[in-house]
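# Commentary on secondary and tertiary structure
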Amino acid sequence: MKIRSFKPIILTISTILLFSSCTGSLEPSPTETMAPTMVTDDETTPSFTNTPGLQPTASPQHTTAPTPTPSPSPTSTAVPTNPHAVVGVEKDDVLNIREGPGVENPRVGTIPPYGTDIEVVGKSVEVGGSPWVPVHYQGQQGWVNSHYLAKQVGQADPQLLEVSNQVLQSIKEKDFSTLVGYVHPDMCLRFSPYPTIQPQDLVFCPSEISTLLADNTQYQWGQFDGSGKPIRMTFSQYYERFIYDVDFAHAEMIGFNQIIGTGNAINNIHEFYPQAVFVEYHYPEIDPQYGGMDWRSLRLVFKKEDMSWFLMGIVHGEWTI
């Protein structure tokens, strides 16, 4: 909407010079919606208020009242009450927003693979064996397949989510040659089987990671919860048991520097990594018969340096006794 400037007003009286100040009242521009209201060029002429008591201290002369300068209208961003983030979408793909539930409906928008603060505004509908939910995202609205959404916990950083999702995809696909490029070059990568992170947890540097899956060495990764027996496994065995034991790429919840899964074990991730942040991919339960005691989490720990996020820890989480 164009805001008309006000022409200067000059008042001159030969014997007595009265100064008047002009005050214009400006209304903030309305926030644009999916169906914006048309604005015409007809505007109400602003009123002016004389300010008394202002006297000249020098010889009378012509004075021009300044043109009021409008302040920019503040942009208000609504905080979603039911925020979700994208999971399981390839880095070169998008999540389609459709006019209705189901792939047979036309596409009306897209969400990037690192989209956050996606507002789910209604109940899920199953179409063709897939759950669909209505959403609002950055002025777009429609339906998406909720298999690619996770309940968002905490304030999201889209750049961090983009990197984290790519790291998780590399882990899922066992593409460790790509994973190496995300690992911190100096801090390397620490593997923790339980939420209580130990100084003796095994750490591997980038030069070692790309060949880990083919490494038949029996490493000791810690002790099993409950029995206290040593966790002696090859990396491939450890991967199946303590890294990707469920499909975390399609987790039901995702936390940003927020601990979701909790049990009896002490979770010291904030203390052990005080200058880092983590993304938690979480399943509240795997089998309903266990009442949530079989929850799973995978926490990817990152440190930001030179505007880039580097992976420095992979922490597995599950119920402990």
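Let me begin by describing the structure that accompanies this report. Because the structure is predicted, anything quoted here is derived from the model rather than measured. Per chain, the residues get numbers from 1 upward, laid out in the order the sequence is written. Two thresholds apply to this predicted model, a pLDDT of at least 70 for residue-level local features and 80 or more for giving and counting side-chain atom pairs, whereas whole-chain, interface and lining totals are computed over all residues. Side-chain numbers here rest on the full set of heavy atoms in the structure, without hydrogens or water.

Next up on the list: the pattern of salt bridges. Within this document, salt bridges are pairs made up of a side-chain nitrogen of Lys or Arg and a carboxyl oxygen of Asp or Glu, the two lying within 4 Å of each other. Overall, the coordinates contain six salt bridges when judged by the stated rule. Linking Lys172 and Asp247 is a salt bridge whose minimum nitrogen-to-oxygen distance equals 3.5 Å. Placement of the pair is Lys172 in helix α1 (residues 158–172) and Asp247 in the loop between α4 (235–242) and β13 (253–256), with a sequence separation of 75 residues. A salt bridge links Arg241 to Glu318; the shortest N-O distance between them is 3.0 Å. With Arg241 in helix α4 and Glu318 in strand β16 (residues 308–318), the pair connects residues that are 77 residues apart, well separated along the chain. On the accessibility criterion, Arg241 (27% relative accessible area) is partly exposed. Runs of H or I in DSSP of at least four residues are treated as helices and runs of E of at least two as strands, each being numbered from the N terminus. Note on classification: 1.4 Å probe, protein chains only; a residue is buried when its accessible area is under 20% of the maximum for its type, exposed when over 50%, partly exposed between these limits.

Let us now look at the state of the cysteines. For this text, the term disulfide refers to a pair of cysteine sulfurs within 2.5 Å. Under the criterion given, the structure shown has one disulfide. The residue that forms a disulfide with Cys188 is Cys205, at a sulfur-sulfur distance of 1.9 Å. Note on the Cys188 and Cys205 pair: the S-S dihedral is about 80°, so by sign convention the disulfide is right-handed. In this pair, Cys188 sits in the loop between α2 (176–179) and β9 (189–192) while Cys205 sits in the loop between β10 (203–204) and α3 (206–209), placing the two residues 17 residues apart along the sequence.

This paragraph deals with α4. Residues Phe235, Tyr238, Tyr239 and Phe242 constitute the buried set of α4. Buried residues of α4 fall within an arc of 105° about the axis and therefore sit on the same side. In this structure, the buried side of α4 is in contact with α1, α2, β9, β11 (219–223), β12 (230–233) and β16. What the arc measures is the spread of directions leading from the helix axis to the C-beta atoms. Any pair of residues with heavy atoms lying within 4.5 Å of one another is described as a contacting pair.

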